Amino acid sequence: MPGSTDSSTKTMGALTIGGLVAVTAYTVALGSNGWLWFGWVVLGLITLGLVAGRRA
């Protein structure tokens, strides 16, 4: 069904937001780590790709 999101897309969205919270907390507590931010950006791009693929 066009425009609907299935559970896998919602799960990826939740993991992306959870990852952002975890990386931010790590950065505040222990200092910045470029690999963590890079991983979060990759996860975010994958999530955006899933969302865009579901709408197409």
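Residues numbered from 1 in each chain as written. Predicted model: local features only at pLDDT ≥ 70, side-chain atom pairs only at ≥ 80, totals over all residues. Heavy atoms only, no water.

Lay out the overall build of the chain with the relevant residues and their values.
Helix and strand counts for the chain come out as two helices and zero strands. By the burial criterion, 12% of the 56 residues in the chain qualify as buried. Of the roughly 4,000 Å² of accessible surface on the chain, a fraction of 74% belongs to carbon and sulfur atoms. (Helix = DSSP H or I, 4+ residues; strand = E, 2+ residues; numbered from the N terminus. Buried < 20%, exposed > 50% of the residue type's maximum accessible area, 1.4 Å probe, protein only. Areas by Shrake-Rupley, 256 points an atom, 1.4 Å probe, with all protein chains shown as cover.)

Could you give me a rundown of the UniProt feature "transmembrane region" (unreviewed entry) in the chain, with the residues and numbers involved?
Per the UniProt record, "transmembrane region" (unreviewed entry) is annotated on residues 12-29 and 35-53. Here residues 12-29 is 100% helix and 0% strand, with 25 Å between the C-alpha atoms at its ends. Helix makes up 100% of residues 35-53 and strand 0%. Its end C-alpha atoms lie 27 Å apart. (UniProt positions renumbered as here; feature names shortened; annotations may be inferred.)

Let's hear about the environment of Gly19: which residues, and what values?
Mapped onto the secondary structure, Gly19 falls in helix H1 (residues 7-30). Placed 24 residues apart in sequence, Gly19 and Leu43 show a C-alpha to C-alpha distance of 8.5 Å.

Please give an account of the packing of aromatic side chains that cites residues and values.
Throughout the structure, instances matching the rule amount to two aromatic pairs. Aromatic pair Trp35 and Phe38: ring centres 5.8 Å apart, planes at 90°, arrangement edge-to-face. Here Trp35 pairs with Phe38, and both are found in helix H2 (residues 34-55), just three residues apart, close to one helical turn. The class of Trp35 is exposed, set by a relative accessible area of 68%. Considering the side-chain rings of Trp37 and Trp40, the 6.5 Å spacing of their centres and the 75° angle between planes classify their relative orientation as edge-to-face. (Phe/Tyr/Trp six-rings, centres within 6.5 Å; stacked < 30°, edge-to-face > 60°.)

Any details on the packing of H1 against H2? Residues and values, ideally.
Running from N to C, H1 and H2 cross one another at 160°; their axes reach a closest spacing of 9 Å. When the interaxial angle is binned, H1 and H2 end up roughly antiparallel. In this structure, H1 crosses over H2, and the sense of that crossing is left-handed. Facing Ser8, Thr9, Met12, Gly13, Leu15, Thr16, Gly19, Leu20, Val23, Thr24, Tyr26 and Thr27 of H1, the residues of H2 in contact are Leu36, Trp37, Trp40, Leu43, Gly44, Ile46, Thr47, Leu50, Val51 and Arg54. For the contact of H1 with H2, the per-class residue count stands at 12 nonpolar, nine polar and one charged. (Axes fitted to C-alpha atoms, helices over the stretch in contact; angles between N-to-C directions. Parallel < 35°, antiparallel > 145°, perpendicular 65-115°, else oblique. Left-handed = near helix turned anticlockwise from the far one by under 90°. Contact = heavy atoms within 4.5 Å. Nonpolar A, V, L, I, M, F, W, Y, C, P; charged D, E, K, R; others polar.)

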